[in-house]
Structures are given as C-alpha cells and as structure tokens.
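Below, each chain spelled out in residue letters.
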Amino acid sequence: MGKIIYGSEIAAQIRQTLKEQIAKKSCPITLAVVLVGNDPASASYVKGKEKACVEVGIQAKTYVYPQDSTQEEIVTLVKQLNEDESIDGILVQLPLPKQINQDIVVQSISPEKDVDGLTGISVGKLYRNEETFVPCTPLGIMEILKSLPIQLEGKHAVVVGRSHLVGAPVSRLLLDANATVTICHSKTRDVSYFTRQADILIVAIGKAKFIQKDDVKEGSIVIDVGVNRMEDGKLCGDVDTQGVIDKVSYITPVPKGVGPMTITMLLWNTYEAHQRRCHD
C-alpha cells in the first residue's frame, strides 16, 4: 500500500524553523494583505493567512476595501504599500470584483514584495531560473517532493493542468530539477495515456476524482492539488485516493496535503523578502 504524505506535517516543521529564525530578527517582518469585496471564501482564506502569520511571528496588516471599490483605488493602495518601508510582502487576495482588472492590480505590485510570485518580472525570472519569488503552491509541491527519498533527475513527471498558478510554474521547477516533463490539459487527447507513464504525477484541474486506478503507473508518486467539495460537504481531490493508494508508492491526501504547504510557502516567501531587503 502506498504511503500518504501529509503536507501538514512538513508544513509544521517548516513553520517551526521559520518561527525560530524570525525570533532572532531585530526588525519586525510584515505582510500586507489586500481584501476587496465580501466573498466568504476569500475572507476565510485571509483569516487563515493571518492566523499562520501570528503563529510564526510575522505581522499581518489586512486592508479591507468594499465590493464597489474602483481599480484606481486598489492600484493606488498597492503603490503606497510598495513605498512603505515597513512592509516586506504584499498579497492581493484573488479573485477581485468584476469591475477591477485583476492583472493590472497584480502587475502593480513591486517585484521585491511580490510574495505570491505572480508579477510578470517574477514569472520571467522563474523561467530563466533566476532568483525570484515562486508561486506558493508550486513551491510547496517541490518541498513535498524534496522530503521523499527520491531523485527528481531523470524522472518522468506528468503535470495535469497548465494554470499560471500551479501547472505552468511547477512544470518549470521540475524541468529545473532535471526531470522530463509532460504537460496535459483540456485539449490533450487521451490524458490517461500520459498519466500511466508518470513516475511523478501532479494533478491540478479541479475535477473530483478525475484520476482513477487505471490512470496511474505502478509505484508512482502522486501529488493531488485539487480541492473539490462533494454533495455531502466533504472535500476530495482530483485523484481517487482510495482507488489508487494500493498501486502508488506515495500520495498526498485532500485535505492536509498540498493546502497547508501553500500558506506555509507564503510565510517563507515573506521571510525571504525581508531577508533580501533588511540584513538585521
């Protein structure tokens, strides 16, 4: 039977390390979080991030703006935060209300404070394998893989999903680790043909239990990024965990898999942003 990799346990270890390092700092580390509108899910995510910041000793400053805020108001706020020397990282909680161009707001964040790794400069540096902030979920996935007794070099990694938040950047990181990478997406014919060849399978498409037992290779490693809510209210991933667990060597669960790593990597990026700006 395959072993379940609890990202929550890896995250706890990283947070403890962060807490110890931050306690040595003479200057406070501060993350600015911008929340626009009244979306319950966004508000819940922000509270989770605030709680995580408190846990490791990072100050979280949340700027809450009403649903009918203008794009100009939010861009002006972001530019003010760019100039504020007390702010180390800036996170704009997505999605934004429809009247606001999400990309324009994100691109207004200073690359030095782009702890979500979403600006054009951050993405460009990632693809050139230069030092930059990596999007939090892909960074968390790589940390999970690093915790396993395997070498990525030479392995065949198949990524199902090509989003700018997960699929595309994690594919780049795997290439940089010298894996051979195949990307599958909505236009790929016979996705199962490719997933059955994967030594490492990463699935991030938002389709409940899309990957079944016949879709995975014997002894493979499966990273399930999807979070889907079922009719009974329970969460499940993009992979049928119970169906494939006897066939794979390692698999991340949903919940307690990749999710906890995403917020932890946000904390890590914020710490790194402070390190690059202040050598206290």
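Residues numbered from 1 in each chain as written. Predicted model: local features only at pLDDT ≥ 70, side-chain atom pairs only at ≥ 80, totals over all residues. Heavy atoms only, no water.

Overview of the sheet that holds strand β2 (residues 30–36)
Sheet strands pair via backbone hydrogen bonds, and the direction of the pair is either parallel or antiparallel.
Then step 1. Read across the sheet, 3 strands follow the order β3-β2-β4 without closing on themselves; strand pairing throughout is parallel. Across the chains shown, the open sheet's two edge strands, defined by having one partner strand only, are β3 (59–65) and β4 (89–92). Averaged over all neighbouring strand pairs, the angle between strand axes comes to 20°, with direction disregarded.
Then step 2. Taken together, the 4 bridges between β2 and β4 define a ladder with parallel strand orientation. Paired with Leu31 across the two strands is Gly89, which belongs to β4.
Then step 3. On the sheet, helix α2 (residues 40–56) packs against β2, β3 and β4 and is oriented at approximately 170° with respect to β2.
Then step 4. Where helix α3 (residues 71–83) meets the sheet, its contacts fall on β2, β3 and β4, and the angle it forms with β2 comes to roughly 180°. (Pairing = 2+ DSSP bridges. Helix = DSSP H or I, 4+ residues; strand = E, 2+ residues; numbered from the N terminus. Axes fitted to C-alpha atoms, helices over the stretch in contact; angles between N-to-C directions. Contact = heavy atoms within 4.5 Å.)

Quick word on the packing of aromatic side chains
What describes a pair of aromatic rings is the distance from one ring centre to the other and the angle between the planes of the rings.
Then step 1. Counted under the stated rule, the structure contains 2 aromatic pairs.
Then step 2. When the centroid spacing of 5.0 Å and the interplanar angle of 85° are considered together, the rings of Tyr193 and Phe194 count as edge-to-face.
Then step 3. Under the relative-accessibility criterion, Phe194 is labelled partly exposed at 25%.
Then step 4. With a centroid separation of 6.0 Å and an interplanar angle of 50°, the aromatic rings of Trp268 and Tyr271 are classed as tilted. Of this pair, Trp268 and Tyr271 are both found in helix α10 (residues 259–277), 3 residues apart, which corresponds to roughly one turn of the helix.
Then step 5. Exposure remark for Trp268: the relative accessible area of 30% places this residue in the partly exposed category.
Then step 6. Here the basic side chain of Arg276 rests over the ring of Phe133, its NZ or CZ set 4.2 Å away from the ring centre. (Phe/Tyr/Trp six-rings, centres within 6.5 Å; stacked < 30°, edge-to-face > 60°. Buried < 20%, exposed > 50% of the residue type's maximum accessible area, 1.4 Å probe, protein only. Lys NZ or Arg CZ within 6 Å of the ring centre and 35° of its normal.)

Side note on the UniProt feature "domain: Tetrahydrofolate dehydrogenase/cyclohydrolase NAD(P)-binding" (unreviewed entry) in the protein chain
Then step 1. Under the UniProt annotation, "domain: Tetrahydrofolate dehydrogenase/cyclohydrolase NAD(P)-binding" (unreviewed entry) lies at residues 135–277.
Then step 2. Counting secondary structure, residues 135–277 comes out at 34% helix and 17% strand; the distance between its end C-alpha atoms is 19 Å. (UniProt positions renumbered as here; feature names shortened; annotations may be inferred.)

Points about unusual backbone geometry
Then step 1. Residue Pro95 is bonded to the preceding Leu94 through a cis peptide linkage, with omega at 5°.
Then step 2. In this fold, Pro95 is placed in the loop between β4 and α4 (102–107).
Then step 3. Val254 connects to Pro255 through a cis peptide bond whose omega is 0°.
Then step 4. Its location among the elements puts Pro255 in the loop between β11 (250–251) and α10.
Then step 5. Look at Asn178: it is not a glycine, yet its phi comes out positive at around 70°.
Then step 6. Take Asn178: it is sitting in the loop between α7 (167–176) and β6 (180–184).
Then step 7. With a phi close to 50°, Lys209 is a non-glycine residue in the positive phi region.
Then step 8. Residue position: Lys209 is located in the loop between β7 (200–203) and β8 (221–224).

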